[in-house]
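Chain residues, written in single-letter form:
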Amino acid sequence: MEEQGILGVKPRKQSAARIRGRRWLKRREIWLVALGIALHAVYMLSIFDIYFKSPIVHGMDPVSPRFTPPAKRLVLLVADGLRADKFFEPDSDGNYRAPFLRSVIKGQGRWGVSHARPPTESRPGHVAIIAGFYEDPSAVTKGWKANPVEFDSVFNKSRHTFSYGSPDIVPIFCGALPHSSWNTYPHEFEDFATDASFLDEWSFDQFKSIVNNSKEDPKLKKLFQQDQVVIFLHLLGCDSNGHAHRPYSSIYLNNVKVVDRIAEGVYNLLENYFKDNQTAYIFTADHGMSDKGSHGDGHWSNTDTPLVVWGAGVKHPRPSSSHNHQNHGERFVDEHDMHDTPTPTDWGLNNIERVDVNQADIAPLMSTLLGLPCPVNSVGSLPLDYMDLNKGDEVEAVLANTKQILSQFLRKSQLKQESSFRFKPFEPLSHHASILEQIDSLISNKDYAHAMQLSQNLRSLALKGLHYFQTYDWFMLMTIITLGYIGWMVCLILHVLQAYTSLPGKILKKEEAVFTRDLPSKVYLCGSLVMASVFVVLYLEHSPPLYHAYFAMTVFLWTNIFSEYRFLRAFCRYLQEKESYHVFELFVTSLVSIIILELLVKSFTNRVIYTWCFLIFGIISPLYLFKSIPSKSGIPVFLCVACWFLSIFTLMPAEIPDNTFLVSMSGVIIIVIGGVSRYLDMHTKDNKFWLYLINHVSKPKFPFLFHLQALLVGLASVLVYISTSHRTENRELLPLHQLMNWSIAGLSMVLPLFSATDLLSRLTSIFLGFAPPFLLLSIGYEAVFYGALGLALFGWILFENTLLYVKKSNKSLTSFEAENDNILLEEGDRCLKLSDMRIPIVFMVFFNIAFFGTGNFASIASFEISSVYRFITIFSPFLMAALLIFKLFIPFMLVICAFSAITKLVRVPRLGCYFLVILCSDVMTIHFFFLVKNTGSWMEIGNSISHFGIVSAQVVFVLLLFALTNIYTKDIQTQSSNQVSQKTM
């Protein structure tokens, strides 16, 4: 009994030497695939060592300011989700929505816009305000749900903190804080169906109650009477109403009035309670809200939030003039182009000086007002334009802020120096101690202007130093990973050249051929010494275990490459001896392949690229074929129509709208496509052009198999309509309908195994076999996409068949093999040529449009839960997820079946083409490796990770799909060019 390989490769009866060679090659390829899986798994983890390391360090001493604090207590009011423009602009009647806070801006305090850095979400926003640093990129390991590393905050440094608000925010800062009094409402209160402004009223009522209770409770009163007290009210109403009703709705805009009344209520309550003018107030927001009712990205509607500061230690408003106009350019962390635009006229605040800040600057502002040390992890810069201090205290405040950031820098420098074999310090701060001494000397001499300038410059350098050490290992790691990927691709190229081309027989003497070479022990010895040296250095640097794995993979790959020095030297000599035309052909093929692969990279963020690709293919491929085949043939026209039809789908929205009629009609389209293919199969057997595709040696095991498959497609279309009608009318899906849906889907996928084994018959049967389950899992236009993809794949097969028909080989395969005894190909296979590179490239295009034709693998549309309601209505997450993933796999199965059929048609080794596919995939992987983001919205960061992960996983993903589709394609039989020539004669 013959052995069956994972990719459908059948060994034939051969000589003992050839059998040994085949076994050696099989072992080598199993090793190569295993190495590829291990390499991609390890290198996928590298992005977490490069991009997603936490910037937070511990072990720094807090730096207390050397002046008397201006405020005894501070009130922080955060209106979650409040946009700056909706806060400052008037309503339709010309009345401003926040009259109290506007009166503060005009008479008591300072105002501006606080610029948030993406991701503009509630947790990162509050961490920036209260702790002074932006989103910790390592939070990706926690699913963005929590900060994975403990951090310091203004609340930690306070004597006591009173906090009331959302259960998602308040516990982050007060949950483990012993000197705090806090409370939250239940999660059930956050109901998007209601006006959420009552949540803000709840927070204020809780605080008002505790203030009133303190009049009767001496212990509580003592807590309030302390200095360095922080009061935090989290007001969630605007965020909830913005999500539910959009930020231009009357409910959201009315919520702005609610938070203004709460600010006024808190101010009146505390001023009447303390009567000492020792309270500072800060009103701001964590993020804004887009017009669609969402947030997270860097659009100005999400990053621009209001900031109003007044009370003890805060400057009074100043008239705006050209001398004090703020123009910070690129200073702000939200990178959009509206920073230099003047204050909108309708805000009515052009005559009052505006002071914008970065969101993290609020933390040192609060600390300085209370005389607290800045949070030790803060990267915020104290906004002096808000502080009412004398010149000496201003310098002391900025110096304390500078020393706190400098202490982080010094701690990171110390940690890196302790673990570095060759430490490279941050040169601009090598003399920081002398600069600090100079600043102290200037302060002693009351040269405050010069001292301020030096302090601010030192702070700026310290921030750059933090970034330097955060990215200290980036260059080394990215270089090693890139070299590893390049080494892996070179290994693939060498293997394909040695095992699947005629080059070994041409460029090496027979006794020096690749399969009988001696192991270059010197190269392996040098590689072992290099690896051992690297391991010693990494051990001395206390590097993580994964660092050892990255270096080991890269050194191992390049050692194997240099072990092929004989072949590489002979190959270079071979290229030098070839005519320049052949070298130019190699260059052009490589360039075109890279351009197409780079377009595929861009297509992950711009699906319209596929539309242009198939529009261009629909023009170029027919023009190429017009001169090659009879003019009466409709193949060029069919290719044009099929490509243009498929190009439509990447213009459609990723969120697929429900359209049951379209799904049902798609079944008719699929039956028509199958019927035309059946007609060609039955009526073109005497046409020599079709002889490569048609080989009626075997017959289907069931005479009416095609009719049965067409019937199942029709039944699936009818059941789509019936099942959806029941759900639309809120009627329960009948068990009979569910049974029929499951039965039709299961039976249809088995029937292709009983079809005839000629290429056209088997592929038509596979196309019809996967149609019923796909229709039953479809909700809209993706059902039509299935038919369009099938037509385009058939067009690809016809194109390859035409090339085979035009370029009939005059040389038999047997004589070819006789001349190349060192090439261990399967029976009937030919060696790969440079022109065969088109097959894996076209496969990559089709494989990726299977991702993005109706959205993408990670899109909401692809995982529309209603897709599974025709099979199951009771919530079962694992079964539902399995059905959704199966639906996504069906287009991939079609693409790989067509790819396998083409390798049999043109008689190229399928496993050799698989290695070329992985080679193409890794060209994209390297690009995506450099596109991984650790800043921006959670969606942008997550998408960059998923794109890198998807292309990295293709070494396994494609192999598994090859194994699955081999069940259907292993029996496909085609006719060689010799057989076709004999039949034609």
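Now for a look at the structure at hand. Keep in mind that what you see is a predicted model, and the values were worked out from it rather than measured.

**Structural notes on a nonpolar patch on the surface**
On the surface, a cluster of nonpolar side chains totalling about 1,200 Å² of accessible area is made up of Val608, Trp612, Ile616, Phe617, Ile619, Ile620, Leu623, Phe626, Val637, Val641, Trp644 and Leu651. Broken down by secondary-structure element, the contributors of at least two residues to the nonpolar patch are helix H22 (608-626) and helix H23 (635-647). Within the fold, Leu623 resides in helix H22.

**Describing the pairing of strand S5 (residues 229-235)**
Extensive coverage of S5 is indicated by the burial of seven of its seven residues. Of the two faces of S5, the one lined by Val229, Ile231, Leu233 and Leu235 and the one lined by Val230, Phe232 and His234 are each fully buried. Looking at chain direction, strand S1 (residues 73-79) and S5 are connected through seven bridges and run parallel. By the bridge assignment, Arg73 is partnered in S5 with Val229. Two elements, strand S3 (residues 160-165) and S5, share five bridges in a ladder whose sense is parallel. Residue pairing in the sheet places Thr161 in a bridge with Val230 of S5.

**A word on the environment of Lys208**
Tracing the backbone through its elements, the reader meets Lys208 in helix H7 (residues 197-214). Given a relative accessible area of 37%, Lys208 falls into the partly exposed group. Sequence-wise, Lys208 and Leu269 are 61 residues apart; in three dimensions their C-alpha atoms are separated by 7.6 Å.

**Some thoughts on the side chain of Ser381**
One can find Ser381 in the loop between helix H12 (362-370) and helix H13 (391-418). In this view, Ser381 contacts Asp361, Pro364, Asn401, Arg459 and Leu463; residues no more than four positions away in its chain are not counted.

**Observations concerning the sheet that holds strand S7 (residues 304-311)**
Strand order in the open sheet made by the eight strands is S4-S3-S5-S1-S6-S7-S2-S8, with mixed pairing throughout. Edge positions in the sheet fall to strand S4 (180-184) and strand S8 (357-358), since each of these pairs with one other strand and no more. Strand direction decides the pairing type here: S3 and S4, joined by five bridges, are parallel. Bridge pairing in S4 places Gly165 opposite Thr184. Relative to the sheet, helix H8 (residues 218-225) contacts S1, S3 and S5, its axis offset from that of S3 by approximately 100°.

**Quick look at the packing of helix H21 (residues 580-603) against helix H32 (residues 910-931)**
Put simply, H21 and H32 touch, their axes get as near as 10 Å, and they point 50° apart. Judged by the inter-axis angle, H21 sits oblique to H32. The hand of the H21/H32 crossing is right-handed. Counted together, Leu597, Glu598, Leu600 and Val601 of H21 and Cys920, Val923, Met924, His927, Phe928 and Leu931 of H32 form the full contact between these two elements.

**Examining the pattern of salt bridges**
The final tally for this structure, using the stated rule, is 19 salt bridges. Across the salt bridge formed by Lys887 and Glu782, the nearest N and O atoms sit 2.8 Å from each other. Of this pair, Lys887 sits in helix H31 (residues 877-905) while Glu782 sits in helix H28 (residues 782-806), and the two are 105 residues apart along the sequence. In this structure Glu782 comes out as buried when scored by relative accessible area, which is 0%.

**Remarks on helix H16 (residues 474-500)**
Spanning 27 residues, H16 covers 38 Å between terminal C-alpha atoms, matching the ideal 39 Å at 1.5 Å per step. Counting buried positions along H16 gives 19 out of 27 residues, so the element sits mostly inside the fold.

**A look at the nonpolar core**
Grouped together as the largest cluster of nonpolar side chains are 164 residues, with contacts concentrated most on Leu646, Phe843, Phe846 and Tyr914. A total of 16 residues in this core trace back to one element, the largest contributor, which is H28. With sequence-adjacent residues up to four places away left out, Leu646 is seen in contact with Phe614, Phe785, Ala788, Leu789, Ala792, Phe846 and Ile849. Counting residues in hydrophobic clusters, the runner-up holds 63 residues, among them Val230, Ala363, Met387 and Ile443.

What counts, and at which threshold
Residues numbered from 1 in each chain as written. Predicted model: local features only at pLDDT ≥ 70, side-chain atom pairs only at ≥ 80, totals over all residues. Heavy atoms only, no water. Patch = residues over 30% accessible without salt bridge, like charges linked within 9 Å, V, L, I, M, F, W, Y side chains within 5 Å. Areas by Shrake-Rupley, 256 points an atom, 1.4 Å probe, with all protein chains shown as cover. Salt bridge = Lys/Arg side-chain N within 4 Å of Asp/Glu carboxyl O. Helix = DSSP H or I, 4+ residues; strand = E, 2+ residues; numbered from the N terminus. Buried < 20%, exposed > 50% of the residue type's maximum accessible area, 1.4 Å probe, protein only. Pairing = 2+ DSSP bridges. Contact = heavy atoms within 4.5 Å. Axes fitted to C-alpha atoms, helices over the stretch in contact; angles between N-to-C directions. Parallel < 35°, antiparallel > 145°, perpendicular 65-115°, else oblique. Left-handed = near helix turned anticlockwise from the far one by under 90°. Expected span 1.5 Å × (residues − 1). Core = buried A, V, L, I, M, F, W, Y, C linked by side-chain atoms within 4.5 Å.

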